[in-house]
Amino acid sequence: MLFRHQSVLLEETIENLNIKPDGIYVDGTLGGGGHAFHVCSHLGDEGRFIGIDQDEAAICAAGERLKPFEDKVTIVRSNYSDMKQVLSNLGVDKVNGIVLDLGVSSYQLDTVERGFSYRENAPLDMRMDQRQEKTARDIVNVYSETELYHIIRDYGEDKFAKNIAKHIVRARQEKPIETTDELTEIIKAAIPMKFRAVGGHPAKRTFQAIRIELNHELDVLKGHLNEMIELLDDGGRICIITFHSLEDRIVKNIFRKCENPCECPPSFPACVCGKKSLGKVITRKPILPSEEELAMNSRSKSAKLRVFERRIQNI
């Protein structure tokens, strides 16, 4: 299948990166190379681009798309959580910009056999990195009822999480749950009829929760965002596109903490904790897709862009 992915908030991201022709830029979620192509288009002869993705199909597609810039481009198959090590291996200490376009790509959703979509029948997979052994099937059939309840509640924010978990456990006692259609029907049966017609597809939140759990999406973001900000050179920017409130909340809170890390009580006349600001939040409110983009790409409707600028203080 052709790797197709429409880059969300493309112009806004490129504008906010403040690209220097001779800078070094990293895309930690390379995908099909949409954002990457436009970053590379702004680079001069001394510029450099490093793309990271854990999906083999994305690596192949981006490699083809970025061929016109191949002298400037390095592509590495890895998770963005390993960005510091990837850059170290390439002899890079500081970069001028980082892009993260979080969540599942159009290609992953539309490739039926990947098992991300609740609209098409396929084996329960949902792995962003297919080298990983554990799949969504393992979560659905092995996790306890309590564990399923917690991930559906916390990662799916579904008010019917307890009932959905109970129905999943009951169904798998008869036979293992193997496909997306089987799981979707179980979820539907767990939600009262009057609620199924509102708030989108009834399986949407549970599928999101299982995908986040399987791929450790929020843990990776929380655990490595500070580290990525510290990789930025003075004046460098990180642009992060999120697609649901859980991701956005993490980004917003970490950006704020990086701007103002002081832990001293408000009553103190001066800071004594010694924690130094890493820079400045550029987007007090997230940048949202334009009406024109929403009309062209329905998947952009939940997208939000937040931007942080690194400022290195001289001590």
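Structure shown above.
Structure report, in brief. Note that this is a predicted model, so its numbers are computed, not measured. (Residues numbered from 1 in each chain as written. Predicted model: local features only at pLDDT ≥ 70, side-chain atom pairs only at ≥ 80, totals over all residues. Heavy atoms only, no water.)

**Comments concerning the overall build of the protein chain**
Turning to step 1, where the next piece is worked out: Scanning the protein chain from terminus to terminus reveals 14 helices and seven strands.
Turning to step 2, where the next piece is worked out: When its C-alpha atoms are laid out on the principal axes, the protein chain stretches across 65 × 55 × 40 Å.
Turning to step 3, where the next piece is worked out: Each of the 315 residues in the protein chain was classed as buried or not, and the buried ones make up 51%.
Turning to step 4, where the next piece is worked out: Nonlocal contacts in the protein chain, meaning residues at least 24 apart in sequence, comprise 70% of its contacts between residues at least 6 apart. (Helix = DSSP H or I, 4+ residues; strand = E, 2+ residues; numbered from the N terminus. Buried < 20%, exposed > 50% of the residue type's maximum accessible area, 1.4 Å probe, protein only. Contact = heavy atoms within 4.5 Å.)

**Regarding the sheet that holds strand β2 (residues 48-53)**
Turning to step 1, where the next piece is worked out: Reading across from one edge, β3-β2-β1-β4-β5-β7-β6 is the order of the seven strands in this open sheet, with mixed pairing throughout. For this open sheet the edge positions go to β3 (73-77) and β6 (279-281), each flanked by a neighbour on one side alone. Going across the sheet, the axis of each strand differs from the next one's by a mean of 15°, ignoring polarity.
Turning to step 2, where the next piece is worked out: Across four bridges, the pairing between strand β1 (residues 24-27) and β2 is parallel. In the sheet register, Ile 24 faces β2, and the bridge partner there is Arg 48. (Pairing = 2+ DSSP bridges. Axes fitted to C-alpha atoms, helices over the stretch in contact; angles between N-to-C directions.)

**Here we look at the nonpolar core**
Within soluble globular proteins, side chains that are nonpolar generally end up buried alongside one another.
Turning to step 1, where the next piece is worked out: Core analysis: the biggest nonpolar cluster contains 63 residues, and Met 83, Ile 168, Leu 183, Leu 225, Ile 238 and Phe 255 have the highest contact counts within it.
Turning to step 2, where the next piece is worked out: Discounting chain neighbours no more than four positions away, the residues touching Leu 183 are Leu 124, Val 140, Ile 168, Ile 177, Phe 207 and Ile 210.
Turning to step 3, where the next piece is worked out: Residues Leu 9, Ile 14, Leu 17 and Cys 40 belong to the second largest nonpolar core, which totals 23 residues. (Core = buried A, V, L, I, M, F, W, Y, C linked by side-chain atoms within 4.5 Å.)

**Concerning the layout of surface pockets**
Turning to step 1, where the next piece is worked out: The space that makes up the second largest pocket amounts to roughly 290 Å³.
Turning to step 2, where the next piece is worked out: If you go around the second largest pocket, you meet eleven residues; those closest to its centre are Ser 7, Leu 10, Glu 11, Glu 293 and Met 296.
Turning to step 3, where the next piece is worked out: Those elements giving two or more residues to the lining of the second largest pocket turn out to be α1 (10-17) and α14 (291-296).
Turning to step 4, where the next piece is worked out: Tallied by class, residues from the lining of the second largest pocket come to three nonpolar, four polar and four charged. (1 Å grid on protein atoms, 1.4 Å probe; cavity = no way out; pocket = protein on both sides within 12 Å on 5 of 7 lines; lining within 4 Å. Points joined across faces, edges and corners; volume = space filled by probe spheres on them. Nonpolar A, V, L, I, M, F, W, Y, C, P; charged D, E, K, R; others polar.)

**Details of a positive patch on the surface**
Turning to step 1, where the next piece is worked out: Residues Arg 119, Lys 204, Arg 205 and Lys 301 make up a contiguous surface patch of positive charge.
Turning to step 2, where the next piece is worked out: Along the polypeptide, Arg 205 turns up in helix α11 (residues 204-215). (Patch = residues over 30% accessible without salt bridge, like charges linked within 9 Å, V, L, I, M, F, W, Y side chains within 5 Å. Areas by Shrake-Rupley, 256 points an atom, 1.4 Å probe, with all protein chains shown as cover. Salt bridge = Lys/Arg side-chain N within 4 Å of Asp/Glu carboxyl O. Lys, Arg positive; Asp, Glu negative; His and termini not counted. Charge placed at Lys NZ, Arg CZ, Asp CG, Glu CD.)

**Examining the pattern of salt bridges**
Turning to step 1, where the next piece is worked out: Counted by the stated rule, this structure contains 16 salt bridges.
Turning to step 2, where the next piece is worked out: Across the pair Asp 129 and Arg 77 runs a salt bridge, and its minimum N-O distance is 3.3 Å. Placement of the pair is Asp 129 in the loop between α5 (106-110) and α6 (136-142) and Arg 77 in strand β3, with a sequence separation of 52 residues.
Turning to step 3, where the next piece is worked out: Overall, the relative accessible area of 11% leaves Asp 129 in the buried class.
Turning to step 4, where the next piece is worked out: The salt bridge partner of Arg 249 is Glu 157, with a shortest N-O separation of 3.8 Å. Placement of Arg 249 in helix α13 (residues 245-259) and of Glu 157 in the loop between α7 (145-156) and α8 (161-174) is noted, with a sequence separation of 92 residues between them.
Turning to step 5, where the next piece is worked out: On the accessibility criterion, Glu 157 (36% relative accessible area) is partly exposed.
Turning to step 6, where the next piece is worked out: Several salt bridges converge on common partners, so that one network encompasses Arg 77, Asp 129 and Arg 131.

**A short note on the side chain of Glu 12**
Turning to step 1, where the next piece is worked out: Among the structural elements, Glu 12 can be located in helix α1.
Turning to step 2, where the next piece is worked out: In this structure, Glu 12 is in contact with Ile 287, Glu 293 and Leu 305, ignoring residues within four places of it in sequence.

**Considerations on the packing of helix α9 (residues 180-190) against α11**
Turning to step 1, where the next piece is worked out: Axis separation between α9 and α11 bottoms out at 10 Å; the angle between their running directions is 125°. Taken together, α9 and α11 sit at an angle that is classed as oblique. At the point where α9 passes α11, the crossing takes the right-handed sense. Contacts from Thr 180, Leu 183, Thr 184 and Ile 187 in α9 reach Thr 206, Phe 207 and Ile 210 in α11.
Turning to step 2, where the next piece is worked out: Of the residues that constitute the contact of α9 with α11, the class distribution is four nonpolar, three polar and no charged. (Parallel < 35°, antiparallel > 145°, perpendicular 65-115°, else oblique. Left-handed = near helix turned anticlockwise from the far one by under 90°.)

**Topic: the pairing of β2**
Side chains on a regular strand alternate between the two faces of the sheet.
Turning to step 1, where the next piece is worked out: By the criterion of burial, β2 is predominantly enclosed, with five of the six residues buried.
Turning to step 2, where the next piece is worked out: In this region the chain leaves β1, passes through helix α2 (residues 34-41) and returns to the parallel neighbour β2; the handedness of that crossover is right-handed.
Turning to step 3, where the next piece is worked out: Sheet topology note: the β2/β3 ladder contains five bridges and is parallel. In the strand pairing of β3, Ile 52 is matched with Val 76.
Turning to step 4, where the next piece is worked out: On the question of chirality, the crossover connecting β2 to the parallel β3 by way of helix α3 (residues 56-65) is right-handed. (Right-handed = clockwise from strand over helix to strand, strands pointing away.)

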